[in-house]
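Residue strings, one per chain:
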Amino acid sequence: MVGVVMSVADKIAAELDALHADETSPGMAAVALDLANAIDSTNVPGAKAQAAHQLRAIIADLRRLAPVEAKGDAVDDIAEQRAKRRAAAREQAGG
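In short, a report on the structure.

Parameters and conventions
Residues numbered from 1 in each chain as written. Predicted model: local features only at pLDDT ≥ 70, side-chain atom pairs only at ≥ 80, totals over all residues. Heavy atoms only, no water. Axes fitted to C-alpha atoms, helices over the stretch in contact; angles between N-to-C directions. Helix = DSSP H or I, 4+ residues; strand = E, 2+ residues; numbered from the N terminus. Parallel < 35°, antiparallel > 145°, perpendicular 65-115°, else oblique. Left-handed = near helix turned anticlockwise from the far one by under 90°. Contact = heavy atoms within 4.5 Å. Buried < 20%, exposed > 50% of the residue type's maximum accessible area, 1.4 Å probe, protein only. Expected span 1.5 Å × (residues − 1). Arc of directions from axis to C-beta. Salt bridge = Lys/Arg side-chain N within 4 Å of Asp/Glu carboxyl O. Core = buried A, V, L, I, M, F, W, Y, C linked by side-chain atoms within 4.5 Å.

## A word on the packing of helix 1 (residues 8-19) against helix 4 (residues 45-65)
Packing of helix 1 against helix 4 leaves a shortest axis separation of 10 Å and a crossing angle of 15°. Viewed along their axes, helix 1 and helix 4 adopt a mutual orientation that is roughly parallel. When the axes of helix 1 and helix 4 are compared, the crossing they make is left-handed. Between helix 1, through Val8, Ile12, Glu15, Leu16 and Leu19, and helix 4, the contact on the second element is made entirely by Leu55, Ile59, Leu62 and Arg63.

## Quick look at the side chain of Ser25
Within the secondary structure, Ser25 sits in the loop between helix 2 (21-24) and helix 3 (26-41). For Ser25, a relative accessible area of 11% translates into the label buried. Dropping the residues within four chain positions of it, Ser25 is found in contact with Leu62 and Leu65.

## Focus: the environment of Pro45
Assignment of secondary structure puts Pro45 in helix 4. Assessed through its relative accessible area of 62%, Pro45 is described here as exposed. Residues Pro45 and Val31, 14 residues apart in the sequence, show an inter-C-alpha distance of 20 Å.

## Remarks on helix 3
Relative to the 22 Å expected for 16 residues at 1.5 Å per residue, helix 3 spans 23 Å between its end C-alpha atoms, a close match to the ideal helical length. For helix 3, the full list of buried residues reads Ala29, Ala32, Leu35, Ala36 and Ile39. Angularly, the buried residues of helix 3 cover 125° about the axis, an arc narrow enough to put them on a single face. Helix 3 presents Asp34 and Ser41 as exposed residues on the side facing more than 90 degrees away from its buried surface. Structurally, helix 3 contributes buried residues whose contacts are with helix 1, helix 2 and helix 4.

## Focus on the pattern of salt bridges
In the structure shown here, the tally under the stated rule is three salt bridges. Note that Glu15 is salt-bridged to Arg63, the shortest N-O span being 2.7 Å. In this pair, Glu15 sits in helix 1 while Arg63 sits in helix 4, placing the two residues 48 residues apart along the sequence. Judged by its relative accessible area of 21%, Glu15 is partly exposed. Residue Arg63 is classed as partly exposed on the basis of its relative accessible area, which comes to 49%.

## With respect to the nonpolar core
Judged by nonpolar contacts, the single largest core of 16 residues is most densely connected at Ile12, Leu16, Ala32, Leu55, Ile59 and Leu62. For this core, the secondary-structure elements that each account for two or more residues are helix 1, helix 3 and helix 4. Sequence-distant contacts of Ala32, that is, excluding residues within four places in its chain, are made with Ile12, Leu16, Leu55, Ile58, Ile59 and Leu62.

As structure tokens, then:
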């Protein structure tokens with residue numbers, strides 16, 4: 001089976017969706033997509049490199065601006081476990 005080759009623009013569009021970039025920074029998201037399309041449409045190595053450099057910077061900014069997922073992470077898990085231990089300790093001390 002032959003793998004599907006996605007364009008840079010397709011990959012960036014998927015990442016922008018995952019980052020909710022249209023909600024947090026629609027202008028930066030549009031520029032990122034334009035840069036990705038420019039990379040896909042040129043065969044000039046210097047132009048690709050310059051567009052990729054700018055795209056990397058914009059995506060890095062968008063990642064920092066992305067909303068934090070509500071599903072939690074390791075820090076949230078640790079905080080939850082700590083709260084449970086403290087509640088259990090208070091219950092033991094009080095009763």
